[in-house]
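# Close look at the chain arrangement
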Amino acid sequence: MSFRGWKKYIEEGDLVIVYMTRESMTPIFMKKGTIFQNRFGVYKHDEIIGKEYGSKFVSSNYKGFVYLLHPTPELWTLVLPHRTQILYIADISFVTTLLDMKPGVHVIESGTGSGSFSHSIARTIAPTGRLYSFEYHQDRVSLAQTEFNNHGFGDIIKMHHRDVCKDGFQMKDQVNAVFLDLPAPWDAVASAKEAFKQDRTGKICCFSPCIEQVARSVAALDEHGFIDITMYECLIREHTVAPIQKIDFAEAIKDARSRKTQGLASVDSVVKKRKLGKDEPFPTAEEVEEAANLMLVSRALGETRGHTSYLTFATFLPPTATSVVVDDNDSA
Ligand SMILES: C[S@@+](CC[C@H](N)C(=O)[O-])C[C@H]1O[C@@H](n2cnc3c(N)ncnc32)[C@H](O)[C@@H]1O
């Protein structure tokens, strides 16, 4: 089963993301003779095998249904077994963009944790890029390695079992980008600097929940000659769709004034007094909408919650670039 491509039909051994609601999804490997059960009914793997990915599947007692989704890194982030805190898609997509990830890019990440970030990055840099993933917890290394192999990323992600703050990455002149999700990222900055390809610019990001950690990372990045050091916080702002009444205020005021000077009742009281005639049909939803002059607008919720971490980005400049002297008199 690969997260990298798409297949149409579910086969034995495949991973299916079983979708019940937006808040309730579960990853299941298809195995003949097995069932999946929730409070609405029983779903037999034997009957799921052969169905199309994306299809709706009804339980044996016809009381419930689920959707059978193809795995993607985005869905995996929502259903994966948590062995650590993980990165979610808002931060992952922001980091992917600002670290200039694309096919062919070579990246370091540490730590691997639960592999949430790794899945998205591996898909983005495939087929020729490489993700060198460093983790010092032995069990997390083994579990991540198994998952990466099972999910079709075995050739893209190279796992390393190492304490990078003590022993460094031990890589020279190899990568375009570095992502550090560690308690003490500043201890890995010097080694990260050596790992960058030395003939071009590179990008680094440190992901830290506390502002004190940000301050230490900024100091380390500055000390090692990184430039463009910038910190962001990535928050999701939810919007709802709501109907509002269209009002042309200028027209409404003009109309109200003219009604007053003519000694007429206000528009409001005229509208309130209006009743349906005896045989007049009840207005349709469209007519009500039209009469009420409604339009749908997007409204942001008042509060924006969801702090996970601060993202500190910086640029690595190749040594040759830092030694270039710019002559102010040179107009070119
Ligand atoms: C928050 S988790 C990373 C989560 C990961 N980014 C994800 O999205 O699933 C941090 C990981 O860093 C590992 N770690 C902490 N210090 C380390 C070090 N010095 N060297 C290598 N790994 C380290 C921890 O064992 C932990 O698994």
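As annotated in an unreviewed UniProt entry, the protein is tRNA (adenine(58)-N(1))-methyltransferase catalytic subunit TRM61 from Parasitella parasitica. For the protein, the Subcellular location (unreviewed entry) comment in UniProt is given as "Nucleus". Within the UniProt record for the protein, the comment given under Catalytic activity (unreviewed entry) is "adenosine(58) in tRNA + S-adenosyl-L-methionine = N(1)-methyladenosine(58) in tRNA + S-adenosyl-L-homocysteine + H(+)".

Turning our attention to the site of the ligand. Surrounding the ligand, one finds 23 residues, the nearest of these being Glu135, Arg140, Asp163, Val164 and Asp181. One nitrogen or oxygen atom from the main chain of Ser116 is found 3.2 Å from an oxygen atom belonging to the ligand. The side chain of Asp181 places a nitrogen or oxygen atom 2.9 Å from a nitrogen atom of the ligand. In isolation the ligand offers 610 Å² of accessible surface; the protein chains occlude 92% of this area. The residue makeup of the shell around the ligand, split by class, is eight nonpolar, ten polar and five charged.

Reading across from one edge, E2-E1-E6-E5 is the order of the four strands in this open sheet, with antiparallel pairing throughout. With one partner strand each, in any of the chains shown, strand E2 (24–29) and strand E5 (56–58) form the two edges of the open sheet. Neighbour-to-neighbour, the strand axes of the sheet open up by a mean angle of 35°, direction not taken into account. Sheet topology places strand E1 (residues 15–21) next to E2; six bridges connect them, and they run antiparallel. Its bridge partner lying in E2, Val18 is registered against Thr26.

Calculation rules
By convention here, each chain's residues receive numbers from 1 onward along its written sequence. Local features are withheld for residues below a pLDDT of 70 in this predicted model, meaning they are given only at 70 or higher, and side-chain atom pairs are given and counted only at 80 or more; totals for whole chains, interfaces and linings count all residues. Side-chain calculation: all heavy atoms of the structure are included, whereas hydrogens and water are not. UniProt positions are given in the numbering used here, feature names are shortened, and annotations may be inferred rather than shown by experiment. Residues are classed as near a molecule or strand on a simple rule: at least one heavy atom within 4 Å of it. Think of a polar contact as two N or O atoms within 3.5 Å of one another; within protein, one of them needs to be a possible hydrogen donor and the other a possible acceptor, and neighboring residues in sequence only count if both atoms come from side chains. Each accessible area is a Shrake-Rupley result for a 1.4 Å probe, and residues are judged covered by the shown protein chains and nothing else. Gly is put with the polar residues, along with every residue not named as nonpolar or charged; the nonpolar set is Ala, Val, Leu, Ile, Met, Phe, Trp, Tyr, Cys and Pro, and the charged set is Asp, Glu, Lys and Arg. Paired strands are those between which DSSP finds at least two bridges. Helical segments are the DSSP runs of H or I of at least four residues, strand segments are the runs of E of at least two, and each set is numbered from the N terminus. Lines are fitted to the C-alpha atoms to define the axes, a helix being fitted only along its stretch in contact, and any angle between axes, read from their N-to-C directions, falls within 0 to 180 degrees.

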